[in-house]
Amino acid sequence: LFELSKIAMSGTAGYKLHQQISKALQRHSETIHNVISCYNTQAAALNPLHSPISWKDIAEYSFLGKFDLLFYSHADVQDNDWAKPVFCQAMVKFFKLQRACEELKHVSVEVCHLQTSIHDEEAHIAKIADKLSISNHLLASELK
């Protein structure tokens, strides 16, 4: 489940990490299916009955908190709004939006740094071209 949550995270470090996580899940898929079978057997024996889960259900979990809360809870939390997939997806989108706003602030700072760097480089090249105009007129004209 931890690997599933990592693969669902936005901004996870690139293609290679996604491939490694996918391969790890494939290697452990038989174990995961066995655990699902065991869980479903135990869930059927509980009073009150707990609903069985499938691989598809687990693959759709976007974070571990939901699974852990449902697993250890004595109350039925599935009816709460925060446990419904639509609300979970809305929270994920909200946090992505928050992160995007932070990124915009960082990008605006980087833009200022880049503008300053370009200005400084242009001034430096102009200064060198002026110095070269005395000794190497052709090179100085190319720099200008």
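Preceding block: the structure.
Residues numbered from 1 in each chain as written. Predicted model: local features only at pLDDT ≥ 70, side-chain atom pairs only at ≥ 80, totals over all residues. Heavy atoms only, no water.

**Some thoughts on the overall build of the protein**
In step 1: Along the protein, the regular secondary structure elements total seven helices and zero strands.
In step 2: Element order for the protein, N to C, with α for helix and β for strand: α-α-α-α-α-α-α.
In step 3: Buried positions account for 15% of the 144 residues belonging to the protein.
In step 4: Nonlocal contacts in the protein, meaning residues at least 24 apart in sequence, comprise 26% of its contacts between residues at least 6 apart.
In step 5: In the form shown here, the protein has an accessible surface area of approximately 11500 Å², with 61% of it arising from carbon and sulfur atoms. (Helix = DSSP H or I, 4+ residues; strand = E, 2+ residues; numbered from the N terminus. Buried < 20%, exposed > 50% of the residue type's maximum accessible area, 1.4 Å probe, protein only. Contact = heavy atoms within 4.5 Å. Areas by Shrake-Rupley, 256 points an atom, 1.4 Å probe, with all protein chains shown as cover.)

**Remarks on the packing of aromatic side chains**
In step 1: Tallied over the full model, the rule gives one aromatic pair.
In step 2: Ring geometry for Phe-94 against Phe-95: centres 5.3 Å apart, planes inclined by 70°, an arrangement best described as edge-to-face.
In step 3: Of the residues examined, Phe-95 reaches a relative accessible area of 53% and is grouped as exposed. (Phe/Tyr/Trp six-rings, centres within 6.5 Å; stacked < 30°, edge-to-face > 60°.)

**Looking at the pattern of salt bridges**
In step 1: Tallying each qualifying case throughout the model produces two salt bridges.
In step 2: Where Glu-102 meets Arg-99, a salt bridge forms, and the shortest distance between an N and an O atom there is 3.0 Å. Of this pair, Glu-102 and Arg-99 both sit in helix α6 (residues 85-135), three residues apart, roughly one helical turn.
In step 3: Under the relative-accessibility criterion, Glu-102 is labelled partly exposed at 41%. (Salt bridge = Lys/Arg side-chain N within 4 Å of Asp/Glu carboxyl O.)

**Comments concerning helix α3 (residues 29-45)**
Each α-helix turn comprises 3.6 residues. Residues three or four places apart therefore point the same way.
In step 1: Helix length check: α3 (17 residues) gives 25 Å between terminal C-alpha atoms against 24 Å at 1.5 Å per residue, within 8%.
In step 2: Among the residues of α3, those classed as buried are Ile-32, Ile-36 and Ala-43. Looking straight down α3, one finds that the buried residues subtend no more than 45° of arc, so they occupy a single side. In α3, those exposed residues whose orientation departs by more than 90 degrees from the buried face are Glu-30, Thr-41 and Ala-45. (Expected span 1.5 Å × (residues − 1). Arc of directions from axis to C-beta.)

**Examining a nonpolar patch on the surface**
In step 1: On the surface, Ile-125, Ile-128, Leu-139 and Leu-143 cluster together into a nonpolar patch covering about 290 Å² of accessible area.
In step 2: Those elements that provide at least two residues to the nonpolar patch are α6 and α7 (137-143).
In step 3: Within the secondary structure layout, Leu-139 lies in helix α7. (Patch = residues over 30% accessible without salt bridge, like charges linked within 9 Å, V, L, I, M, F, W, Y side chains within 5 Å.)

Shape descriptors only; they carry no functional weight alone.
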